[in-house]
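Listed below, chain by chain, are the residues.
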Amino acid sequence: MWIALRAIGLAYLGSVLWARAVPDTAWLGFGGLALGALAVSLFERRGRTVGITTAALLADYALVGGLVWALAGAAVAYWLFVAPLVYALHRSGAVGAWLGGALGGATVYLTDWLRAGAPPIEAMTLSWTGGVVGLGGALGWLWQRRMQSEQNALLEEAARAVEQSEAAERRIRESYRELAYHYHRLEEHLTALQDAAELLHALQQARDSESLMHTLLERLRARFGASGAAICLTDETGAVLQAACATGALAKLQKTAFTVPVRPFQKQPSVQPLVTQIRTAVLEIERLAEAHSESADRADAVVVPLLDDRRILGVVALTARTQNGFSPETRARIRALAPHLSALLMLIDQMRLMSVRLAETQTLYDLENLLFSVESPRTLPQRALSVLKFVLPYEHAQLLLKQGEGYELVAQMGAMPPLSEGLLQHSEPTESVQACLYDTSHPHAESFAPATSVIVAPLRGGVRVQGLLALGRTELHPFNELDLELLQTLAFQLTSVLERALLLSDLERLAVTDGLTGLYNYRHFQERYREEVNLCRRYHHPLAVMLIDLDGFKQVNDTYGHLEGDYLLVQLADVLRNTLRNTELIARYGGDEFVVMMPSTNLQGGVAAANRVLQAVRETRFLDTLGEPRFSITLSIGVAAYPNSTQNPVELLEKADEALETAKRSGRNRVVAYENIA
């Protein structure tokens, strides 16, 4: 910006010199001034040294002196001496202000001297000289005071930071002494914690629960010198203990199940009989192992139950075949790990539960969004079965919806026979169907073969059963009660989705159909008509339109009432549906007028279809609301077709309407094609 001001000042001074026709020496001075200003502008970009500021002040004050001379010493021109002073303050602070004041005062005095040709003694010159010097000194002093205040504030802030640092250092020293005390306490328990650290390492290296248990058993074997290790976990019911993972000499124990003894009203099952049962089993396997040099009589086992406050979580078993078996110290170390192993199993169980809940939530979300992701509500049931497979794996699935007194199979996966033809025939009445779990012990198990385990949940809308959802397994693990509860939750959500899909389907149907006749309405006809017109323009295939009007319909309404007239329109709509092809769109055009659009039909085909309609109506005796044959009606029909009637398919409705008017004027009860109009 300051460079632009210099350029403006030089331009103005040059224009004045040109206007006054000054001698060449003045132009030489002006050129030197311009070069000096240019050089100073270039040097200013390289730094903010005092020397560059001094050079800039000399150039700027020389330019200001020239401007004052050009302005003939006008009083307002002297204010220009303040601008270089402020600029010097901005660039070099107090030193710049002092230099600007001194050089500015000298420039004021020299400018008036050169302009007057003698040393100036006027009061204005002396006052401006002193004013510029004083302003420079005052601004420099104020700038220095400001900088001094900022330095003092920084020093105070630094002092506070030092004090805070010293206080923090004291706290750190106190914390260090406290930490050292606790560190010495921790060293006393280091041996026991090293065993627990192995569990943490196994947890860090594991990718899932199965790899975690395998890594855990391998580390326990290496840590305690065991030849075999196994971990057994209880199922969801807590009544069965099954070997979840086994390695080494106990690998044969994999998938072996043990019964957890539970007595009535017992808060926690008895542990010792279970420990004895498992110890006997693992010792038997250890004695049968062949990869040992020691005698089978030296086999030893440690079985540690893993408990929480309410139930048995599982059991860890280690076996060895050494001269003295497991030492008392080793047994104590293994038992000391029991709380850590229990916590680890609880973590695994929580991870599994979180995974299941996440899958359930995702499935509920997917079911909720089925309505917006399927192309048609008809495909929704099949898509719903695919979504359910994510959270409840199955090999067979069926979705049945209520139809009258029975059920209709609307979606199926797998080879299980339809339940409506098998299992449901031997079940309770449909309105009392409950969620059930079936297995091979069911009296009619052959009705759902090849499935060996089936869960069925009703789709209830309020108190009425609207359908059934059934899943079956053959090779997979059988379903349990928890799976049945989950299926009921999913069935409830699916019922809501199906009800909304049915409602949406009804709304879509009502939006495009006439409420009285069930034919398409005027709005839907116009949409389809525009689409067909666009297709005609692009592919040039023929299109025919038929407009139908009832002859004398007003007399029917006036004589018998609007109720009879409406019933007559409903019967006429049925005749049109039965006479015309499914590919031809029939719509109520308004009042007693109907319109038929016939794609890929020329004028000859349209007239033939109109004659069929006319003949069918002539031969029909229409009923009144009491069911008695009463009315014989006739129709006036106008037909137009592209390209026979017009080369512009948009005009088809207009041409058909003209043909209809001609049919009415010609005596009604006839078909008139547009090309036949004279």
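Residues numbered from 1 in each chain as written. Predicted model: local features only at pLDDT ≥ 70, side-chain atom pairs only at ≥ 80, totals over all residues. Heavy atoms only, no water.

Draft legend 1. Summary view of the nonpolar core. If you look at the biggest cluster of nonpolar residues, it comprises 33 residues, and the most contacted ones within it are Met546, Ile548, Leu550, Leu635 and Ile637. At the level of secondary structure, the elements contributing two or more residues to this core comprise strand 11 (543-550), helix 14 (553-560), helix 15 (562-579), strand 13 (593-599), helix 16 (603-618) and strand 16 (635-642). A per-element tally of this core places helix 16 first, with seven residues. Ignoring sequence-local partners within four residues, the contact set of leucine 635 consists of Ile548, Asp549, Leu550, Asp551, Leu572, Val613, Leu614, Val617, Asn669 and Arg670. (Core = buried A, V, L, I, M, F, W, Y, C linked by side-chain atoms within 4.5 Å. Buried < 20%, exposed > 50% of the residue type's maximum accessible area, 1.4 Å probe, protein only. Helix = DSSP H or I, 4+ residues; strand = E, 2+ residues; numbered from the N terminus. Contact = heavy atoms within 4.5 Å.)

Draft legend 2. The sheet that holds strand 10 (residues 464-473), seen in detail. Spatial strand order, 7-6-10-9-8: five strands in an open sheet with antiparallel pairing. Here the strands that pair on one side only, and so sit at the sheet edges, are strand 7 (406-413) and strand 8 (436-439). The sheet shows a mean angle of 20° between the axes of neighbouring strands, taken without regard to direction. Summarising the sheet, strand 8 and strand 9 (residues 453-461) pair through four bridges and their orientation is antiparallel. (Pairing = 2+ DSSP bridges. Axes fitted to C-alpha atoms, helices over the stretch in contact; angles between N-to-C directions.)

Draft legend 3. Geometry of unusual backbone geometry. Cis peptide bonds are those with omega within 30 degrees of zero, and the linkage from alanine 449 to proline 450 qualifies with 10°. Within the secondary structure, proline 450 is located in the loop between strand 8 and strand 9. The omega torsion of the bond from tyrosine 642 to proline 643 falls at 10°, within 30 degrees of zero and hence cis. Positionally, proline 643 belongs in the loop between strand 16 and helix 17 (652-665). The backbone of serine 600 shows a phi angle near 55°, a positive value even though the residue is not glycine. On the secondary structure map, serine 600 appears in the loop between strand 13 and helix 16. Assessed through its relative accessible area of 56%, serine 600 is described here as exposed. Positive phi outside glycine occurs at arginine 668, with the angle close to 65°. A residue is classified by how much of its surface remains accessible, and arginine 668, at 36% relative accessible area, is partly exposed.

Draft legend 4. Structural detail: a negative patch on the surface. On the surface, a cluster of negative charge is contributed by Glu654, Asp657, Glu658 and Glu661. Structurally, the position occupied by glutamate 654 is in helix 17. By relative accessible area, glutamate 654 is classed as partly exposed at 45%. (Patch = residues over 30% accessible without salt bridge, like charges linked within 9 Å, V, L, I, M, F, W, Y side chains within 5 Å. Areas by Shrake-Rupley, 256 points an atom, 1.4 Å probe, with all protein chains shown as cover. Salt bridge = Lys/Arg side-chain N within 4 Å of Asp/Glu carboxyl O. Lys, Arg positive; Asp, Glu negative; His and termini not counted. Charge placed at Lys NZ, Arg CZ, Asp CG, Glu CD.)

Draft legend 5. Representation of the packing of helix 11 (residues 380-388) against helix 12 (residues 481-512). Two elements in contact, helix 11 and helix 12, have axes whose closest approach is 11 Å; the angle formed by their N-to-C orientations is 155°. In terms of axis orientation, helix 11 runs roughly antiparallel to helix 12. The hand of the helix 11/helix 12 crossing is right-handed. Here Leu380, Pro381, Ala384 and Leu388 of helix 11 lie close against helix 12, whose contacting residues are Leu490, Leu494, Val497, Leu498 and Ala501. Among the residues making up the contact of helix 11 with helix 12, the classes are represented as nine nonpolar, no polar and no charged. (Parallel < 35°, antiparallel > 145°, perpendicular 65-115°, else oblique. Left-handed = near helix turned anticlockwise from the far one by under 90°. Nonpolar A, V, L, I, M, F, W, Y, C, P; charged D, E, K, R; others polar.)

Draft legend 6. Expanded view of the side chain of threonine 363. You can see threonine 363 is positioned in helix 10 (residues 338-373). What makes threonine 363 buried here is its relative accessible area of 0%. With near-sequence residues (within four places) excluded, threonine 363 lies in contact with Val387, Leu388, Phe390, Val391 and Leu490.

Draft legend 7. Representation of helix 9 (residues 328-336). When we look at burial in helix 9, the residues that qualify are Thr330, Arg331 and Ile334. Buried residues of helix 9, seen end-on, are gathered within an arc of 100° and therefore sit on one face of the element. Set apart from the buried face of helix 9 by more than 90 degrees, the exposed residues are Pro328 and Glu329. (Arc of directions from axis to C-beta.)

Draft legend 8. Seen up close, empty space enclosed by the protein. Scanning all chains against the criterion turns up one cavity of 30 Å³ or more. Taken as a whole, the largest cavity spans an internal volume of roughly 40 Å³. Around the largest cavity, the lining residues are Leu220, Phe224, Val304, Val316, Leu318, Ile334, Leu337 and Leu341. Within the residue set of the lining of the largest cavity, elements represented by two or more residues are helix 7 (209-224) and strand 5 (312-321). (1 Å grid on protein atoms, 1.4 Å probe; cavity = no way out; pocket = protein on both sides within 12 Å on 5 of 7 lines; lining within 4 Å. Points joined across faces, edges and corners; volume = space filled by probe spheres on them.)

Draft legend 9. The sheet that holds strand 17 (residues 670-673), seen in detail. Overall, mixed pairing links the five strands, which are arranged 12-13-11-16-17 in an open sheet. Of all strands in the sheet, those bounded by a partner on one side alone are strand 12 (585-590) and strand 17. In this sheet, adjacent strand axes meet at a mean angle of 20° when their direction is disregarded. The sheet contact formed by strand 16 and strand 17 spans four bridges and is parallel. Across the sheet, residue serine 636 finds its bridge partner in strand 17, namely arginine 670. Where helix 13 (residues 522-539) meets the sheet, it contacts strand 11, strand 12, strand 13 and strand 16, and its direction lies at approximately 125° from that of strand 12.

Draft legend 10. Broad picture of the packing of aromatic side chains. On inspection of all chains with the given rule, the structure shows five aromatic pairs. Taken together, a centroid distance of 5.7 Å and an interplanar angle of 15° make the contact between phenylalanine 525 and tyrosine 529 stacked. One end of the pair is phenylalanine 525 and the other is tyrosine 529, both in helix 13 and four residues apart, which spans about a single turn. Comparing phenylalanine 525 with tyrosine 529, the two get one shared label, buried. An aromatic cluster of three or more residues is present, and its members are Tyr522, Phe525, Tyr529 and Tyr589. Positioned over the ring face of tyrosine 394 is lysine 389, at 5.4 Å from the centre of the ring. (Phe/Tyr/Trp six-rings, centres within 6.5 Å; stacked < 30°, edge-to-face > 60°. Lys NZ or Arg CZ within 6 Å of the ring centre and 35° of its normal.)

Draft legend 11. Expanded view of the pairing of strand 6 (residues 396-403). Across the eight residues of strand 6, six count as buried, placing the element largely inside the fold. In the sheet, strand 6 pairs with strand 10 via six bridges, with the strands oriented antiparallel. Within strand 10, the residue paired with glutamine 398 across the bridge is alanine 470. The pairing of strand 6 with strand 7 spans seven bridges and is classified as antiparallel. Following the sheet pairing, lysine 402 is matched in strand 7 by tyrosine 407. Between the antiparallel neighbours strand 6 and strand 7 lie two residues, among them glycine 404 with a positive phi of about 65°.

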